[in-house]
Amino acid sequence: MKKVKRFLLWFVVILALLVFAVFIFINTLTPTYSGEKELDILRDEVTVYFDAYGIPHIYSSNKIDAFKTLGYVHAQDRLWQMELLRRVAKGRLSEVFGKDLVETDKFFIALGIDEHTKKTVASLDRNSEMVKLSEAYLAGINKFIEKGPTPVEFYLTGLDKEPFILEDIYDAVGYMAFSFAMAHKTDPLLSTIKNKLGESYLADLAIVSDTTSTWIKNYRWQTTDSIATSVQVNWNKALSKLPIPQFVGSNSWVLSPEKTKNGKVILANDPHIGFAQPSVWYEAHISTPTYEKYGYHLAGVPFPLLGHDKNLAYGLTMFENDDIDFYYEKTNPDDNDTYMTENGWQPYETVSKTIEVKDASPISFDYKKTRHGPVLNDFANQIQEEAPVAMSWIYTKLENEVLDALYGISHATNIDEFQKALPKIHAPGLNVMYGDKDGNVAWWASAKLYQMPDSVSTKFILDGTLGKAEPIRYLDFEENPQAINPPWKYVYSANNQPDSIAGMLYPGYYLPENRGKRIVQLLEEKNDWDKESVAKMILDDTSSVNPDLVTEMIKLIDITYLNEEQLVQLDALKNWKGDYPVESISATLYHRCVYYVLKNTFEDELGKDLFKQFLGTHLSKRQIVHGTKREVGVWWDNVLTPEKKETRADIAMKSFADAWASLISDFGEDTSLWQWGNVHTLEHGHPIGQVPSLRKYFNVGPFSVNGSREVINNMSFPYDSTGLYKVSSGPSTRRIVDFSDIENSMSILPTGQSGNPLSPYYKDQAELYINGEFRKMMMNKEEIIKKSASILNFVPKG
């Protein structure tokens, strides 16, 4: 008995020691938010005040030390995110996640982002302040790697930490540039439809924006100074495995003093990006004697993409312009190493690469390049026997000054200095939104635009052999869409079509008018906007388009075939305002019906795979209204039922019946259970959270959420056969800057400031975000000191 007691005693002691050791170890992995740290890279002392949400307010006597400190505190909260983001463009995700990411790595290697980065960095002026501040930021990251705790993800994946270099910054920006692009989802699909079904099927599609829809107006401010199918399927498979979010769309509007209650500019911005954990943006406030900015940073990027100070504020949305073109190439039948051009046969450039793969042997692969760019077939194994298709992307073709642009806009002190930096953005295409304390408001569509021959449509794969489908000229920045201090007293962007420029409607992959129309509707009817009313508007979940579509389609329903409950819900749908609170039943029924209208219209001609690709394009979103309003069209007939020619009314009736049956199958006949919140949910997924046993520790959510696709509160989701609308993208921040009360401007992040699961700031904003609440973006030093949750002092060594 004594031996048993002694054993139990020792067991308890050892268990207690193990628990204590684990507790100590876990504590060593958490970020440090208070105390004092000695950094031998600093010249002077830097004080960082962390507010109640973990946002650093960095006070330094000089910019170099401030950016070093920014790099350190950014890394301690987001090093894992930085690590993944820099690996995408280099094709190094397989080193972390294994063979499942090999095709993704091949894809991004062949895009040439990292190759272009190396050329850019080799030609940089190392004495420019942009480079010096970037290197200071990197020095801070690397000092954390050297001295700080290792994030838990590195232990779980067995990954070693490596120093960051300038190339990593450019590669992160390069990934952002590609994730904005939509051509790879649309052009091959349209080429397949054209080749498979013919021109008549293209005529009924919303390939270009409807001239009756809401476009973004220009205003010049006058001052005194088949193969395609395989390519697309392969790309979508590669992109679907990315462990980091893609950039999708955005809203922004800036109100002139004449539109606001207090007579000062108000800027609102909510960039729409794929949801993930951690959130995309890292907020930081820097204050030095010569520089101050409250900014939103991408992981590993020193200059904020969104920002404000007491003089000016700026935000971004995606332009959605066409900056990728595809070309059919022709290989010489007598020499497989050359391809046809208008000047004769030219040699392919062959590139050989090796991908390191976790828990497997390295994989070597080759791909070819033409004058247009990489030949996609070489990393799309299923189409090796097809004609070559090359991709031309403006980002890798022209000089890369995007980081100079980000430096320029974040250091501008007025509208002229700000505008001067914008021509350096060649790609990705960005709608840059601006407002300042002097009452200026502006929107610039910033990208290097180019003009193609009149006979060429860049929405299809082009003939690359004759030289007749090449850009004629690049436009000067002054020709880009823009509006500066327009007489209607506001500017806005919702990724919709901008008005014509340079004698043409610039091609792109614009989203439908839905959000833009609602924004204009709300802004036009009111001239006393304040911070609170703008906050309400940024959460608006009402569609000004969907109720009209419902009215159009209900006319086609033969109610004699409906039962009593169907009549009740159809009547509710008829009176629906187009809003999306979580308790709405009409919202659920609407989206089920729309999905089945698309399915019953397009899947018979396209087949299941192509229909799935179609649903992933902006084209499908534009097609919903455009297509359903067409009384007659080739798509209405079901080609699988040759004995009958279906009409629009037939599709409407079948789609309503299919939607109703699917809801009964999912939730039963009690329609009170068909609430929007039961199907429309948001979970912020972490790459490690894909492991079921670790999901609850790394993922945040799920939550039932208001909002929907293409409303201002754009909680978007893909359509699929499940009928469960899992939100995939939406506002990556909601941000309101009011120059009548700049120090009380407001913001929110979807989850939290930190990417470290052990940090108290990992998910502390998640409930606030779901509930539509905001928090202050503090800039008053006295208030920051008074309300700081902790203080971390960085001191030079010795």
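Residues numbered from 1 in each chain as written. Predicted model: local features only at pLDDT ≥ 70, side-chain atom pairs only at ≥ 80, totals over all residues. Heavy atoms only, no water.

Caption draft 1: Main features of the overall build of the protein chain. Scanning the protein chain for helices and strands turns up 25 helices and 31 strands. Its C-alpha radius of gyration of 27 Å places the protein chain within 12% of the 28 Å reference for a compact globule of 798 residues. Summarising its shape, the C-alpha atoms of the protein chain cover approximately 85 × 80 × 70 Å along the three principal directions. For the protein chain, the proportion of its 798 residues judged to be buried stands at 62%. With the model as given, the accessible surface of the protein chain reaches about 31400 Å², and the carbon-plus-sulfur share is 52%. When the 83 positive and 105 negative side-chain charges of the protein chain are each reduced to one mean point, those points stand 5 Å apart. (Helix = DSSP H or I, 4+ residues; strand = E, 2+ residues; numbered from the N terminus. Rg over C-alpha atoms; globule rule 2.2 N^0.38 Å. Buried < 20%, exposed > 50% of the residue type's maximum accessible area, 1.4 Å probe, protein only. Areas by Shrake-Rupley, 256 points an atom, 1.4 Å probe, with all protein chains shown as cover. Lys, Arg positive; Asp, Glu negative; His and termini not counted. Charge placed at Lys NZ, Arg CZ, Asp CG, Glu CD.)

Caption draft 2: Spotlight on the pattern of salt bridges. Under the counting rule described, the total for this entry stands at 41 salt bridges. For Glu 146, the salt bridge goes to Lys 143, with nearest N and O atoms at 3.0 Å. Taken together, the residues span about one helical turn, with Glu 146 and Lys 143 both in helix H6 (residues 129-147) at a distance of 3 residues. Between Glu 710 and Lys 621 there is a salt bridge, with its nearest N and O atoms 3.8 Å apart. Here Glu 710 is found in the loop between strand S25 (700-704) and strand S26 (725-726), whereas its partner Lys 621 is found in helix H20 (residues 618-628), with 89 residues between them in sequence. The residues Glu 710 and Lys 621 share a single accessibility class, namely buried. Overlapping salt bridges, with partners in common, bring together Glu 83, Arg 86, Arg 87, Lys 90, Arg 92, Glu 95, Glu 162, Asp 168 and Asp 171 in one network. (Salt bridge = Lys/Arg side-chain N within 4 Å of Asp/Glu carboxyl O.)

Caption draft 3: Spatial organisation of the pairing of strand S10 (residues 324-328). Counting buried positions over the 5 residues of S10 gives 4, a clear majority of the element. When S10 meets strand S20 (residues 462-463), the two strands line up parallel, connected through 2 bridges. When the sheet's bridge partners are listed, Tyr 327 is paired in S20 with Leu 462. (Pairing = 2+ DSSP bridges.)

Caption draft 4: Local environment of H20. Of all the 11 residues making up H20, 10 are buried; the element is thus mostly covered by neighbouring parts of the structure. If you check which residues of H20 are buried, you get His 618, Leu 619, Ser 620, Lys 621, Arg 622, Gln 623, Ile 624, Val 625, Gly 627 and Thr 628.

Caption draft 5: Inspection of helix H13 (residues 402-411) at higher detail. Across the 10 residues that make up H13, a large majority, 9, are buried. Buried within H13 we find Val 402, Leu 403, Ala 405, Leu 406, Tyr 407, Gly 408, Ile 409, Ser 410 and His 411.

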